Structures are given as C-alpha cells and as structure tokens.
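As a plain string of letters, each chain reads:
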Amino acid sequence: MEGEYGVPTAPIVTSRFAEYVIRDGHSHGMNLRWTFPPYPVGWIPRETLRGYIQGNDPITKVKLMTEVVDALTKPLSEDEKNPKITVKPQRPRLLEPDTEANLHQSFLRNGWTDGLPIVLPTEERVAEMLTGTDHDPQEVVGRMSVTTHEEMKEYTVEKVAVIAVMAGARPEHLPVILAIASTQHPSIPSSTGSYGSMVVVNGPVAKTIGMNSGVAALGPFNYANSVIGRAWTLMSINFGDARPGDTFMATIGNGLSFTNQCCAENEAKSPWQPFHVRKGFKASESTVSVFRGWNVMTLGMGTADGVLQRIRTFDSMGTYTFVMDPLAAKALKAEGWSDPDKLSKYLAEKSKSPFLKPEGINFLVVGGETNPIFQTTDYVFYKTASVDKWIPKNGIKLDKKPLRMPESKECEDGLCNYAYNNK
Amino acid sequence: MNLSRISARRYWSLFVVGAIIIASYVGCKGVMGSKESGENKVTVLDPRGQPSGVFGRRGEPGSHMMAIFNPETHPTIARDELVHLRMASRLDSLDNKTIYLVDVGFAGGKEFLEEMQAWFNQNMPSVKTVLRIKSGTPFSDSPELWAEIKQKANGVVFGVGG
C-alpha cells in the first residue's frame, strides 16, 4: 500500500512478532510504523481486546491508539524517506582453522547443527563427498528460505556436499541429497504450526544405496534413510537460515524434523504403479518426492470406506497423504482400486468437502507387510525431482565395502520367519 | 626355592607391570588422540548459504494457502526492485478522513478491528472508518481491494499479523 499505491499505512502485528517484522522490514528497506498489541488476539474475550485498544503497546509503552494515529499522520523522517537496504556480505568458503573440538563447539554455538554430533566438513571430506557427482562444485543448485519473505540463501553443489558430510553421509548418498536440494523446499518452514516433512525415493537408486522401504522404513534402522533425511534438515537450517525465535517460529516444533520421514517406496510389494510413475517419470528413473504437513494423524485399516472415514474424521487443510503398508494397498486393489488416482477422485467426491481435490489425496506404499494398516497424514505433495541428473556417468559412487545396517528379512506369503528358519 | 629364582620372578613381575603401563598409555593415545593431535588445527568449509539478493513476497491473488510455501509458486522480488518500495506521504490529521481497517485473516483480527472502530467512533467521531475483510489468505495479494483503498481511503490500518 505504501510504495505501490501511495496510501499511508499503519500495520499492526502482535508483540510476539515485533522483532521479526522490524528486522524483516529493514531487510526490505522499509522502516514501517508498526503497532504491537499483546499476543495473542485470537480466541480471547472482547473485554480483553478492548483493553488492548485502550492500553499501551507492550513494546514501546506508548498508548496503542496514539501509535496508530501517529503512524498515519506524523511526517516522515529523513531515514523513512530514504531507507537503506542492508546488503549482507558474502560468506567465506573456508572458516578460520581451529581444533576439531573447538570447531564442533563453534558449529553448535552458531546454531549450524540439529544438536546431534556432526562430521566436520574438512576440505578432504568434502572433496571425497564430491566424487559422488560429476557436477561442477560451484554450480548453483538453488535458493532457500524457511520464511516466506526474507532473503533467500543460495547454495552450490559444494555447499550441499558440506551438508552431506555433516549429516554423516557417503558419496553414494550425494545424488539423492542433491535432488532434495534441487527442490528448494526446506523441511522446516517457519510456520508457527510446526511442520513435519517427508521425502520418498523411487527408482533403482533406492536399492543401489541400500534404502529401506520395508519393515520399519520410517524408523531408525537404515543408514541411507537416516543420513539423507538428516541432510535435508541440516540444509534447511543452513541454507534456509533457520534461527529459532528469529526466523523460525514453530511454537512446539516437530520431532519428525531430525531426519524427517525419509524412506523408499516399496515398489516390489506395491500393487500399484510407483508413485513417481504416476507423476510422469519412467519406472527406470530415480526420483525424490517431497511432502509437507503438520500431522501424522492416525492409523487406519480397511477398504476405501475406511480411508474415507479417516478423511471425514480428521480435518486437514485439504490434503491427505496415506502411507500404506503393501497389504493395505493390496486390499484396496482387491476391492477394485487398481488405480490410486481413481481412488483419490472417489474419495474427494464422497468427502463432500469443497476444499478437497483429487490431486490433494496421495497414496504411498511403504512397509514390510507385518500389519495391513495405513498412516493418515495431512501432508501435501509438492514435487518430484530427478535423482538421475546428479548421478555420475559411471554410476553411483559406492564405497569398496558399502556400509549397510542389518536388514529385515522379506516376508513372503505370510511365512516370513518360519519359512526362512526352516530352509 | 633359591634366591636366584625369587629374584627372577621379581624382575619378571616388574617387566609385566611396566609393559601393561606402557601398553595402556599407547592404547589410550590411540583411542583418545594424543594431546598434540587434538590441538592440530583443521580447516573446514562454511556450511551457510550465500545471500542471494532475492526475497519472497506476497502470494498471487486467489492462491492456495500453501502456495506461498512452494518455491515454484512463491513470488519473489530482487533487491534492486525493493528500492521502489517507499513509504507514502503522511496525512496532516485524521479529521474527516476515511480510514480503512483491513482484517488480513489471522484469528482475532476482525474482532480487534471492530474494537478499534468503536474507539474511533467514540474518540475521533469525524473519522470515517470502513472495516473490510481481505479476500483469500493472509499471504495472498488482493489488488481489487488495494485499488478500492487507493480510490476511497486516505489511510489504512492492517491487522492483525501473528
């Protein structure tokens, strides 16, 4: 309104976000005249709101309505007429040399980690990580911000390799981590509602690098799943510039954010086309698909009407992603749903929700056939991105003896351990 | 048992104890790292992203709530364009002026602005206030309302963010 329409404006934001909006205004070159009532203004009695109007701004201690009137009438100062846009300096490529102990402390104190131990990104380790792709280390991969309006931070292939080292990954994981980085989606956007995120890998790369899509796929039992998911959050912190209470305002936070929900789709056991094929990729291509929402809401079992019941019972912002054990998906196929996109259409129609569109309902097949259940999430699907473009010409750079954690035995025809133990 | 055998045992014991002490020292150094190697300085790469000069901005009119969180649909603005965002000239006073009170859509905003409208009616009755609820989400553009404000209003109060 101020700049484009020339109308004097008095913006009002609750005091909890005062520092946030003042800094943000400055970064945009505007010294806006804010007024800050106490927080919150929602879900409180009218009498309290009236008291806020008649009382003082808790930040400035000035009468709130005096500020509003002054915001519209007090002549502009020279600083307001000629605001300066802060230009942040470029970061150095290398940090000052120091001992490993001091650097570990420095990374923690600066808020560059997730609080868990990291692997320090020395020049040697990053150089080794970069053998996981043929791309130029200085090639720009994308820009990211955990906020919706602050200056985005740019990152190169080398920066992504730094993050991969910190997460404990190996060069074999780098193409998948680069594919996630190429989506430019932070796993922890700054919603006060505290987002969770999910990344699902499809295609041959999942098996090559030993990802888990079976028993406990979303649990802490797979090296690749864990470090890839962790790298997403470490890049979100460092490329997205997440600083709690400053740029990152998730009031409760989300325990899923440490490694996110990261796994491969169980294509071998799924009765349906792989997810990435339904999004226009070839089955032979490898991809990452990124999802985001607030809640893993409930478990479910049963047929399409069982799925519909979950939609009717649990509110979302108009999106649902169902993470289905293969047995649950097979039950739906047996019911006649050989195409999950048709099931999405059926559910959107039957829900009678004006906000729910078929494209807002997605199905993933993940799990080890130990229970025919599905997880109901309010996750929205955002994007599927190619992994192949980041894979070296000579293929995935595997270590001579790739690190693999113990894997669950495949369960065939319901005889799982019995069958294996008696061979 | 003669003296020479006792003496040999004593020397043998001393040798074993000494060997254990030396092995422990060497082993500890191997596991913990020597003091010297712990103080060796290493060079690491900076993990932070580089400033890009590109900022996010409000969503397109009618865009979905989540669109602003999607890099592919989230509009951006370059630093060079920001210089055109300037504050408008202020009013001499609010007497007999029209002020739009615009609820941007966060919880409690409408009720808060209704109380503000009541305050204006009671304390500055010459001010004409118009309470409007912005269409779309709190993050999306509403060019029709902005045009109406430019045409009909002398000033605007936006709230309540957060």
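Residues numbered from 1 in each chain as written. Chains lettered and ligands numbered in written order. Predicted model: local features only at pLDDT ≥ 70, side-chain atom pairs only at ≥ 80, totals over all residues.

Visitor: Before we move on, could you go through the sheet that holds strand β9 (residues 320-324) of chain A and cite the residues and values that matter?
Guide: All names here are of chain A. Read across the sheet, four strands follow the order β8-β11-β9-β10 without closing on themselves; strand pairing throughout is mixed. Lying at the two open borders of the sheet, with one neighbouring strand each, are β8 (296-301) and β10 (361-365). Between one strand axis and the next, the sheet turns by 25 degrees as a mean value, whatever way the strands run. Bridging between β9 and β10 involves five bridges; their strand directions are parallel. Each bridged residue has a counterpart across the sheet, and for Phe 322 the counterpart in β10 is Phe 363. (Pairing = 2+ DSSP bridges. Helix = DSSP H or I, 4+ residues; strand = E, 2+ residues; numbered from the N terminus. Axes fitted to C-alpha atoms, helices over the stretch in contact; angles between N-to-C directions.)

Visitor: Lay out the packing of helix α8 (residues 157-167) of chain A against helix α11 (residues 223-238) of chain A in plain terms, naming residues and giving numbers.
Guide: Residues and elements named next belong to chain A. It is the contact of α8 with α11, at a shortest axis distance of 8 Å, that shows an interaxial angle of 125 degrees. Considering the angle they form, α8 stands oblique to α11. Two packed elements cross with a definite hand, and for α8 against α11 that hand is right-handed. The residues of α11 that touch α8, namely those facing Val 160, Ile 163, Ala 164, Met 166 and Ala 167, are Val 227, Arg 230, Ala 231, Leu 234, Met 235 and Asn 238. (Parallel < 35°, antiparallel > 145°, perpendicular 65-115°, else oblique. Left-handed = near helix turned anticlockwise from the far one by under 90°. Contact = placed C-beta atoms within 7 Å.)

Visitor: I'd like to hear about the domain arrangement of chain A, residue by residue, with values.
Guide: Domains assigned within chain A are domain 1 (2-81) and domain 2 (100-390). Centre-to-centre separation of domain 1 of chain A and domain 2 of chain A, based on C-alpha positions: 38 Å. (Domains from an automatic or database assignment.)

Visitor: Outline the pairing of strand β11 (residues 373-377) of chain A, listing residues and values.
Guide: Residues and elements named next belong to chain A. In terms of residue burial, β11 counts as a mostly covered element, since four of its five residues are buried. In this structure, β8 lies alongside β11, joined through five bridges in antiparallel fashion. Across the sheet, the residue bridging to Gly 300 is Phe 374, located in β11. Bridge count for β9 against β11 is four bridges, and the pairing is antiparallel. (Buried ≥ 20, exposed ≤ 12 C-beta atoms within 10 Å, placed from the backbone.)

Visitor: Can you tell me about the environment of Pro38(A), naming the residues and giving the values?
Guide: Residue and element names in this part refer to chain A. Turning to its location among the elements, Pro 38 is positioned in the loop between α2 (18-27) and α3 (46-54). Put simply, Pro 38 and Lys 81 are 43 residues apart on the chain and 29 Å apart in space, counted from C-alpha to C-alpha. Residues within four places of Pro 38 in sequence aside, it is in contact with Thr 14, Ser 15, Tyr 52 and Pro 58.

Visitor: Describe α11(A), naming the residues involved and giving the relevant values.
Guide: End to end, α11(A) covers 22 Å across 16 residues, agreeing with the expected 22 Å (1.5 Å per residue, within 8%). Burial analysis of α11(A) places 15 of its 16 residues in the buried class, which makes it a mostly covered element. (Expected span 1.5 Å × (residues − 1).)

Visitor: How would you summarise unusual backbone geometry if you had to cite specific residues and measurements?
Guide: In this model, Tyr39(A) is joined to Pro40(A) through a cis peptide bond whose omega is -5 degrees. For Pro40(A), the position within the fold is in the loop between α2 and α3. Cis peptide bonds are those with omega within 30 degrees of zero, and the linkage from Gly159(B) to Val160(B) qualifies with -5 degrees. Inspection of the secondary structure assignment puts Val160(B) in strand β6 (residues 155-161). One non-glycine residue, Trp43(A), adopts positive backbone phi at about 65 degrees. Residue position: Trp43(A) is located in the loop between α2 and α3. Its 8 C-beta neighbours within 10 Å are what place Trp43(A) among the exposed residues. A positive phi angle, close to 60 degrees, is found at Asp241(A), a residue other than glycine.

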